Amino acid sequence: MVKYKEDFYRLFHVHYQQYPDDCIENIYWLEKAVQADFANPQFADCKIETKNQWEKYRYLYMMHLNLKLIEQHLRLGRTYDKKVAYFYDAPWKDEYLRNLEKAKSCYEAGLYYWQEAKLWVEKASAHNFNFLYITDLQYMEDERERISNGSLNYDTIIRRELTRLQKVIDDLVAMDEKSY
């Protein structure tokens, strides 16, 4: 039975070639994981021995889930994104604009999850965790550290994509019958 965060997270998977349905499925499982309760510490994804480890484990796990949600929203948005508007796109302008709005909403959802991830990073980086590292979840500790020192910043990435996307939308809106 799938009941806890760890169970829902195990349903998340990335295909070699990921189609929109795969991204939507992953977003569904990850959102279910965010809403679910944690399993008992005995059944956690790593060995938990103290209350401090259990607390940091929960913060890291929530941060990681939000980062995966950002990645999936970026992948989904990329499937609807038209990187450049060419002059010969004028006949399909309305279809492209609809797809670009979908991409924009995906990217904006990523911004929401980035704010959530930063909150969990702040909690996992609290002073009482200074010398506590969960080595079984080293990749989560690495993500936390990269966000803390600024080398991983999805806000910059997503805002850059939104700015580029808005330029493509503006270029398409400016097209008329004479553009083609």
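Cut-offs applied
Residues numbered from 1 in each chain as written. Predicted model: local features only at pLDDT ≥ 70, side-chain atom pairs only at ≥ 80, totals over all residues. Heavy atoms only, no water. Helix = DSSP H or I, 4+ residues; strand = E, 2+ residues; numbered from the N terminus. Polar contact = N/O pair within 3.5 Å; in protein donor to acceptor, adjacent residues only side chain to side chain. Contact = heavy atoms within 4.5 Å. Core = buried A, V, L, I, M, F, W, Y, C linked by side-chain atoms within 4.5 Å. Buried < 20%, exposed > 50% of the residue type's maximum accessible area, 1.4 Å probe, protein only. Phe/Tyr/Trp six-rings, centres within 6.5 Å; stacked < 30°, edge-to-face > 60°. Lys NZ or Arg CZ within 6 Å of the ring centre and 35° of its normal.

### Here's the deal with the side chain of K5
Here's step 1: Looking at where K5 falls in the secondary structure, it is placed in helix α1 (residues 5-11).
Here's step 2: Among the polar contacts listed, one links the side chain of K5 to the backbone oxygen of A33, at a separation of 3.0 Å.
Here's step 3: In this structure K5 touches A33, V34, Q35, A36, D37, F38, Y61, M62 and L65, once residues within four positions along its chain are discounted.

### Concerning the environment of Y139
Here's step 1: Relative to the elements of secondary structure, Y139 occurs in helix α5 (residues 138-149).
Here's step 2: Along the chain, Y139 and V14 lie 125 residues apart, while their C-alpha atoms are 17 Å from each other.

### Things to note about the nonpolar core
Here's step 1: Residues Y57, M63, L67, I70, Y154 and I158 are the most contacted members of the largest nonpolar core, which totals 54 residues.
Here's step 2: Counting only elements with at least two residues in this core, the list comes to α1, α2 (20-35), α3 (51-80), α4 (93-124), α5 and α6 (154-174).
Here's step 3: The leading source of residues in this core is α3, at 13 residues.
Here's step 4: Those residues in contact with I70, other than ones at most four positions away along the chain, are G110, Y113, W114, Y154 and I158.

### Thoughts on the packing of aromatic side chains
Here's step 1: Using the criterion set out here, one finds 15 aromatic pairs in the structure.
Here's step 2: Ring plane angle 10° and centroid distance 5.3 Å describe the contact between Y86 and Y88, whose orientation is recorded as stacked.
Here's step 3: Classification of Y86 as partly exposed rests on a relative accessible area of 39%.
Here's step 4: Given a relative accessible area of 39%, Y88 falls into the partly exposed group.
Here's step 5: In this structure an aromatic cluster arises from ring pairing among Y9, F12, F38, W54, Y57 and Y61.
Here's step 6: Positioned above the aromatic ring of Y96, the side-chain terminus of K82 is 4.7 Å from the ring centre.
Here's step 7: Note that K123 overlies the ring of W120, its terminal NZ or CZ placed 4.5 Å from the centroid.

These figures come from the coordinates and say nothing about function on their own.
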